[in-house]
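Each chain, letter by letter, is given below.
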Amino acid sequence: MRVRSLLYIFLIIATVIQMADAQTEQSIQRKAKGKIVSPDEVVSFKSDVPYTKAIQSLGELSRKLEGRLIIDRSPMQGKDKNIGINIESMYWKDALELILRSNQLWYTDYPEYMEIASFDELGKRQGESTSRDMTSSSQLGSPFARGVVDSSDYYAKQRDIAISCIFFDLNRTKLAESGMDISIFRGSDMNLGVNLFGATNPMAQSAGGSSSSIIQSSRLTNVYTDVSMQPTGKDLSVDIYAALRMFEADQLGETISNSKIPVRSGLSSVLQVGDDFSVLEKDFSGNTVQKFYPTGTILNIRPKIFKVGDMEFVDIQYKVEKSTFEASPVTTIIHKTSTSGSLTLLNGEESYIGGMYSNSETYVRQGVPLLKDLPWWFFGLRYIFGYDSKSITKRELIVILKAEILPSLEERALKIQTSKGIIEETIEEMDKDLEKRSIEK
């Protein structure tokens, strides 16, 4: 009996020691830079996890724990490749380094973000930095010492671009019912115009009744805003902004957005008029997460300034999307109409993007009033005096863009100094004039 008790005690002690060793080993595995990390900073990935999703997950941890973003400029970005290595219960930064090292990548630390690049790109940067800062490196005693880069001169010379954007939703069905059609053209002054085409009615007399006052009437004879237009032909050319106000006044369309977005040359900007909807999805670790998708009218633009001689122009890469979502018990459907491309505009020039059509169906009960809305069990009279009508409305999204190149910081500062100099000169002249008048008196 005594031997059995000793045996039990020995087994318990051995189990406790083994558990302590396992915990110690696990703590050692989760060490990073001399400290034991919390379980929230530990990640696990399988080898078949896509590289993009792994970097995105690690970027969220970096933003949450260190307040820094992870910017991926490597060739792996956007490619459908896996990380190719199993990671189990590893500190997130060690996991990041292991994933990058196994894919011939590495990162550079900055105060606000970490930038991922390939070994070749980092080697080129290191070579340029070494050749540029060789004197500083020799003074520091290290051939790999990095010089401090002052970016103030770079930002002072950067140019901004003001992108004026109008989203106009044109009701094509109602426009056709009114006997009209439109055509957008570019005028001689770099601005856009609209040709309005309408069906011509028979010859009509004016109010005076005289034969000399007979003019050609048109379906375009409508009162728009404060102007009553009576075209003498089948078409009328007006400024595009006046045409949009005409359409809104006659309820042929509506302006969804009229925005002006300042964007730095070479950077991207997004304009969204709509809502985001969420869907519950499974991430790579099997956890249920809520993911949001944007819908509505969305414009992604990336303008860049180019200069050839004395001519400055803007190259705009754009993507326009008009989308709606439809939720059902089974799935969520996104109805989308989108287009993408590029435009080249001069300073102050306008252009447009059109042809994005969408159809909407509405069901309306029509027939004899009151009788068409009777219940079905009332002698079936609702089927005799009414019917269900399906109406299809065709709409077109028209996007109008205008690019204006703004002066740089240097130019604006010089302009302020010049205006200050003019003011000071004016004040001096006024003082001198007052002195002369006082002497004369």
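Just above sits the structure.
What you are looking at is a predicted structure, and each value in this text was computed from that prediction instead of being measured.

How each quantity is defined
- Residues numbered from 1 in each chain as written.
- Predicted model: local features only at pLDDT ≥ 70, side-chain atom pairs only at ≥ 80, totals over all residues.
- Heavy atoms only, no water.
- Helix = DSSP H or I, 4+ residues; strand = E, 2+ residues; numbered from the N terminus.
- Contact = heavy atoms within 4.5 Å.
- Areas by Shrake-Rupley, 256 points an atom, 1.4 Å probe, with all protein chains shown as cover.
- Pairing = 2+ DSSP bridges.
- Axes fitted to C-alpha atoms, helices over the stretch in contact; angles between N-to-C directions.
- 1 Å grid on protein atoms, 1.4 Å probe; cavity = no way out; pocket = protein on both sides within 12 Å on 5 of 7 lines; lining within 4 Å.
- Points joined across faces, edges and corners; volume = space filled by probe spheres on them.
- Salt bridge = Lys/Arg side-chain N within 4 Å of Asp/Glu carboxyl O.
- Phe/Tyr/Trp six-rings, centres within 6.5 Å; stacked < 30°, edge-to-face > 60°.
- Buried < 20%, exposed > 50% of the residue type's maximum accessible area, 1.4 Å probe, protein only.
- Lys NZ or Arg CZ within 6 Å of the ring centre and 35° of its normal.
- Patch = residues over 30% accessible without salt bridge, like charges linked within 9 Å, V, L, I, M, F, W, Y side chains within 5 Å.
- Lys, Arg positive; Asp, Glu negative; His and termini not counted.
- Charge placed at Lys NZ, Arg CZ, Asp CG, Glu CD.
- Polar contact = N/O pair within 3.5 Å; in protein donor to acceptor, adjacent residues only side chain to side chain.
- Arc of directions from axis to C-beta.

Colleague: Any chance you could explain the overall build of the protein chain here in plain terms?
Modeller: When you go through the protein chain residue by residue, the secondary structure sums to 10 helices and 22 strands. A separation of at least 24 residues holds for 61% of the contacts in the protein chain among residues at least 6 apart in sequence. Entry remark: accessible area of the protein chain is about 29000 Å², with carbon and sulfur atoms responsible for 53%.

Colleague: Help me understand the sheet that holds strand β21 (residues 350-367) in this model?
Modeller: Strands in a sheet are paired, the pairing made by backbone hydrogen bonds, and the direction either parallel or antiparallel. Pairing in this open sheet of 4 strands is antiparallel, and the strands run β14-β8-β22-β21 from one edge to the other. Strands with a single pairing partner mark the edges of an open sheet, and in this sheet they are β14 (253-264) and β21. Across this sheet, the average inter-strand angle for adjacent strands is 15°, counted without regard to direction. Lying on the sheet, helix α8 (residues 240-249) is in contact with β8 (160-171), β14, β21 and β22 (386-405); it crosses β8 at an angle near 35°.

Colleague: Just to check I follow, could you spell out empty space enclosed by the protein for this structure?
Modeller: Over the atoms, a rolled probe matching the size of one water molecule traces out where space is still vacant. Counted according to the given criterion, the structure contains 1 cavity of 30 Å³ or more. Quantified by volume, the largest cavity comes out at close to 40 Å³. The wall of the largest cavity is formed by Phe168, Ile182, Ile184, Val194, Ile240, Leu244, Phe247, Ile398 and Ile400. When residues in the lining of the largest cavity are grouped by element, the largest group, 3 residues, is from α8.

Colleague: Before we go on, may I ask you to explain the pattern of salt bridges in this structure?
Modeller: When the charged atoms of two side chains with opposite charge come close together, those side chains can pair. As enumerated under the stated definition, the model contains 12 salt bridges in all. Between Arg395 and Asp169 there is a salt bridge, and its shortest N-O distance comes to 2.8 Å. Here Arg395 is found in strand β22, whereas its partner Asp169 is found in strand β8, with 226 residues between them in sequence. Three or more residues joined by partner-sharing salt bridges are found here, namely Glu66, Arg68, Lys93 and Asp109.

Colleague: Explanation requested: the packing of aromatic side chains in the structure shown.
Modeller: The description of an aromatic ring pair rests on the distance of the ring centres and on the angle between the ring planes. Using the criterion set out here, one finds 9 aromatic pairs in the structure. Between Phe277 and Tyr293, the ring centres sit 5.7 Å apart and the planes meet at 25°, which makes this aromatic pair stacked. Separated by 16 residues along the polypeptide, Phe277 in strand β16 (residues 276-282) and Tyr293 in strand β17 (residues 288-294) bring together distant segments of the chain. The exposure class of Tyr293 is partly exposed, given its relative accessible area of 26%. By the ring-pair criterion, three or more aromatic residues cluster together here, those being Phe277, Tyr293 and Phe325. Geometry around Tyr383 places Arg382 over its ring, the cationic atom sitting 5.8 Å from the centre.

Colleague: Explain the sheet that holds strand β19 (residues 311-327) to me, please; I cannot follow it from the model alone.
Modeller: Taken together, 4 strands build an open sheet; the order of strands is β15-β18-β19-β20 and the sheet is antiparallel. Both edges of this open sheet fall to β15 (269-273) and β20 (332-346), since each of them pairs with a single strand only. This sheet shows a mean twist of 15° between the axes of neighbouring strands, independent of strand direction.

Colleague: Which parts of the structure should I look at to understand a negative patch on the surface?
Modeller: Together, Glu424, Glu425, Glu428, Glu429, Asp431 and Glu435 give the surface a local cluster of negative charge. Within the fold, Glu435 resides in helix α10 (residues 409-440).

Colleague: I would appreciate a short explanation of the side chain of Ser74 in the present structure.
Modeller: Among the structural elements, Ser74 can be located in the loop between β4 (69-72) and β5 (87-91). Within the structure, Ser74 has its side chain in polar contact with the side chain of Tyr51 (distance 3.4 Å).

Colleague: Would you mind showing me how to read helix α3 (residues 92-102) here?
Modeller: In an α-helix, one turn spans 3.6 residues, which is why side chains three or four residues apart end up on the same side. Residues Trp92, Lys93, Ala95, Leu96, Ile99 and Leu100 constitute the buried set of α3. For α3, the arc enclosing every buried residue in end-on projection is 155°, short of the 170-degree limit, so these residues lie on one face. Packed against the buried residues of α3 are β3 (42-45), α2 (51-65), β4, β5, β6 (105-109) and β7 (113-118).

Colleague: In this structure, what is going on with unusual backbone geometry? I would like to understand it.
Modeller: A negative phi angle is the norm for most residues apart from glycine, just as the trans form is the norm for most peptide bonds. Of note, Ser89 is a non-glycine position whose phi angle comes to about 50°, a positive value. Within the secondary structure, Ser89 sits in strand β5. For Ser89, a relative accessible area of 28% corresponds to the partly exposed category. Despite not being glycine, Leu370 has its phi angle at roughly 70°, a positive value. Relative to the helices and strands, Leu370 resides in the loop between β21 and α9 (381-385). Judged by its relative accessible area of 72%, Leu370 is exposed.

Colleague: Would you explain the environment of Pro294 in this entry?
Modeller: Topologically, Pro294 is positioned in strand β17. On the basis of relative accessibility, which here comes to 39%, the residue Pro294 falls in the partly exposed class. Separated by 18 residues in sequence, Pro294 and Asp276 place their C-alpha atoms 4.3 Å apart. With sequence-adjacent residues up to four places away left out, Pro294 is seen in contact with Gln272, Asp275, Asp276, Glu321 and Ser323.

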